[in-house]
Amino acid sequence: MLTNPVQPEARSWLPPVAGFVLAVAALRLVALAFNRTDLFVDESQYWLWGQNLDFGYYSKPPLIAWVIRAVTDLAGSDAPFWVRLPGAVLHGSTALILAALAARIHGARAAFWVGASYVTAPFATVGSLLISTDTIMAPFYALAIFGWVRLAETRFARFAILAGGAAGMACLAKYAAVYFLLGAVLAAILVPTMRIGWRNAVVLALTFGAVILPNALWNLSHDMTTVSHTMDNVGWVRSDSPLGALNLGGLAGFFASQFAVFGPVLFGALLLGFVQAGQGGGRGMARALVLFSLPVLAIVCTQALLSKAYANWAVVTYFAGTLIAVPYLLARAPRLLPVSLVINGAIALLLPVLTITAPLPDRGGKPVLQRYLGRAALSRQIVDTAVAKGAGAVYAQDRDILADLFYTGRNTGLAFYAPKTWGRPHNYYEQMFALPDTPGQTLYLLSAAPVCDGKAVAPAATFTTGQGVYSGREIIAYVLPEGCVLGAS
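These remarks concern the structure in this document. Everything quoted here is computed from the prediction, not taken from an experiment.

Rules used throughout
All residue numbers refer to positions counted from 1 along the written sequence of the respective chain. At least 70 in pLDDT is required for a residue's local features to be given in this predicted model, at least 80 for side-chain atom pairs to be given and counted, and no such filter applies to totals for whole chains, interfaces and linings, which use all residues. With hydrogens and water stripped out, all remaining heavy atoms of the structure feed into the side-chain values. Using a 1.4 Å probe on the protein chains alone, a residue whose accessible area is under 20% of its type maximum counts as buried, one over 50% counts as exposed, and one in between counts as partly exposed. Helix and strand assignments follow DSSP, with helices taken as H or I runs no shorter than four residues and strands as E runs no shorter than two, numbered in order from the N terminus. The criterion for strand pairing is that DSSP finds at least two bridges linking the strands in question. Paired rings are identified among Phe, Tyr and Trp, the last through its six-membered ring, by centres lying within 6.5 Å, and are further divided according to the angle between planes into stacked (under 30 degrees), edge-to-face (over 60) and tilted (the rest). By definition here, charges over rings are those cases where NZ of Lys or CZ of Arg is within 6 Å of the ring centre and within 35 degrees of the ring normal. Any pair of residues with heavy atoms lying within 4.5 Å of one another is described as a contacting pair. To get an axis, fit a line to the C-alpha atoms, keeping to the stretch in contact for a helix; angles then go from 0 to 180 degrees between the N-to-C directions. The patches reported here contain residues having more than 30% relative accessible area and no salt bridge. Joining distances are 9 Å for like charges and 5 Å for nonpolar side chains (Val, Leu, Ile, Met, Phe, Trp, Tyr). Reported accessibility uses the Shrake-Rupley method at a 1.4 Å probe radius. Residues are deemed covered only where the shown protein chains occlude them. Salt bridge criterion: a side-chain nitrogen from Lys or Arg within 4 Å of a carboxyl oxygen from Asp or Glu.

**Some words on the pairing of strand 5 (residues 442-446)**
Here comes step 1: Strand 5 sits mainly inside the fold: five of its five residues count as buried.
Here comes step 2: Here strand 5 shows two buried faces, one formed by Thr-442, Tyr-444 and Leu-446 and the other by Leu-443 and Leu-445.
Here comes step 3: By the bridge criterion, four bridges tie strand 3 (residues 393-396) to strand 5 in an arrangement that is parallel. From the neighbouring strand, Ala-396 faces strand 5, where its bridge partner is Leu-445.
Here comes step 4: Pairing of strand 5 with strand 9 (residues 475-479) involves four bridges; the strand directions are antiparallel. By the bridge assignment for strand 9, Leu-446 is matched with Ile-476.

**Quick notes on the packing of aromatic side chains**
Here comes step 1: Applying the stated criterion across every chain yields a total of 30 aromatic pairs.
Here comes step 2: Aromatic pair Tyr-428 and Tyr-429: ring centres 6.1 Å apart, planes at 75°, arrangement edge-to-face.
Here comes step 3: Through successive ring pairs, a cluster of aromatic residues spans Tyr-118, Phe-123, Tyr-141, Trp-148, Phe-180, Phe-255, Phe-259, Phe-262, Phe-267, Phe-292, Tyr-318 and Phe-319.
Here comes step 4: The positively charged end of Arg-410 is found above the aromatic ring belonging to Tyr-407, 4.1 Å away from the centroid.

**Quick look at helix 15 (residues 284-291)**
Here comes step 1: When you tally the buried positions in helix 15, you get six out of eight residues, the bulk of the element.
Here comes step 2: Tucked inside the fold, the buried residues of helix 15 contact helix 5 (86-106), helix 8 (133-154), helix 10 (179-190), helix 14 (264-278), helix 16 (294-306) and helix 17 (317-332).

**A word on the environment of Tyr-57**
Here comes step 1: Looking at the element boundaries, Tyr-57 is found in the loop between helix 2 (41-51) and helix 3 (63-75).
Here comes step 2: Overall, Tyr-57 belongs to the buried group, its relative accessible area being 1%.

**As for the sheet that holds strand 3**
Here comes step 1: Taken in spatial order, the five strands make up an open sheet running 4-3-5-9-8, and their pairing is mixed. Two strands in the sheet have a free side with no partner beyond their single neighbour: strand 4 (415-417) and strand 8 (461-463). Averaged over all adjacent pairs, the angle separating strand axes in this sheet is 25°, with direction ignored.
Here comes step 2: Against the sheet, helix 19 (residues 375-388) makes contact with strand 3, strand 5, strand 8 and strand 9, and its axis sits at roughly 170° relative to strand 8, the strand it touches most.

**Points about a nonpolar patch on the surface**
Here comes step 1: Residues Leu-213, Leu-217, Leu-220 and Met-224 make up a contiguous nonpolar surface patch of roughly 380 Å² in combined accessible area.
Here comes step 2: Looking at the element boundaries, Met-224 is found in the loop between helix 11 (198-221) and helix 12 (225-234).
Here comes step 3: You can call Met-224 partly exposed: its relative accessible area is 33%.

**So, unusual backbone geometry**
Here comes step 1: In this model, Ala-358 is joined to Pro-359 through a cis peptide bond whose omega is 15°.
Here comes step 2: Residue placement: Pro-359 occurs in the loop between helix 18 (336-357) and strand 1 (362-363).
Here comes step 3: The omega angle of the peptide bond from Leu-360 to Pro-361 is 0°, so this bond is cis rather than trans.
Here comes step 4: As for its placement among the helices and strands, Pro-361 is situated in the loop between helix 18 and strand 1.
Here comes step 5: With phi around 60°, Asp-223 is a residue other than glycine that occupies positive phi space.

**A few points about the pairing of strand 9**
Side-chain positions along a regular strand alternate between the two faces of the sheet.
Here comes step 1: Of the pairings in the sheet, the one linking strand 8 to strand 9 comprises three bridges and is antiparallel in character. Bridged to Phe-463 within strand 9 is Ile-475.

**Some remarks on the pattern of salt bridges**
Here comes step 1: One pass over the structure, following the stated rule, counts nine salt bridges.
Here comes step 2: A salt bridge links Arg-399 to Asp-42; its shortest N-O distance comes to 3.1 Å. Residue Arg-399 is found in helix 20 (residues 399-408), and its partner Asp-42 is found in helix 2; the two are separated by 357 residues along the sequence.
Here comes step 3: Relative accessible area serves as the criterion here: at 28%, Asp-42 is assigned to the partly exposed category.
Here comes step 4: Residue Arg-473 pairs with Asp-398 through a salt bridge whose shortest N-O separation is 3.1 Å.

Written out as structure tokens, the structure reads:
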């Protein structure tokens, strides 16, 4: 059992940290009220999941859908502001949890810099502008680490329940939360002072299992849909020759992106903190935190080398990583902490401003935030055309278009359909909203003109969206003659 009394000055940490974090969160919510971007594809999909509550979904576990549904129901509105509102609140909560742990381990000064560094980190800024599973996972993962540290200190079973329950909730947000269990096992093996005991390990594991059980049962009853999608994302897992061609460029790109994800100063400090721990520096707690951080980064780097990895896939690294990087800088280069805060703070200010001024600024005649514009405008054109043509439904092959149609067209009374497939569905829309055999009068968005009775059907409408994501792309709609139907893809 680890003996780690609270630092003498640690109890003074809360007012300055809470003041800073709450100010940042409040400013983000104000900016969100003036945000001019459309919901992104994934955000619209998460909202749709929330309209069909379940214990699991095609590509993700269910917690993000539950949260969005709860917030929008309480607000009485499905406006983008309310869909995205949890982001700033949850990242602010995560900052306070990590600050509380830093206060216990290192004192009030570390608590302030941990809280300020986390809440202004670029990934937290992005996660406060766009709702994502990383954001929903964040406070629960941080709370799991907090509970585990307290468990190692005290061996009290209540902290085993806290750690296991929080880790389970994190896993209901994103399966990457299983990295917590990996960190706990590695710490028990490699850091004797951080062992929690067999009884507490069993309590933690059982609590974790009880929380994720509904989603596990859902997967078992749905052909392991979410797990299969996760394996598709990993890529090399389904490859016959996973080591056939190493993606060195992908690895380099992913690793470089982490300086942008966490911030250049913090990520550099984190790497140096790993080196220090490898050379035997630091106490047992510091070495244990490395085991909650470094293996995650190493695993995702391996994924980038074998296939591909998106920049946010290693975000779990930075919950424990903030507790490594900030104390390292306080001990070795304290003057760099304000520098880091200025750099990350500038990004934290710039990104919300861009969402307010969109479609300006532009680059080469295209808005900087082009991929977040034009979606709702296209959906409104499609809906208006469907109504004018007397159609009761719209069919689209493009997942991006479908995602926004369901959201923007939510109060129109129209039905929206995806392609029917004979094999495994490619997305949630094909899984749940495939075109029925008798769809009735439908407006079809197709990449090529359908042929009926040997003749190509004439377009019913052509859509464009100016400077938005579909700029330069013509989307053509058709109304099929009676008796002409589409086949499955």
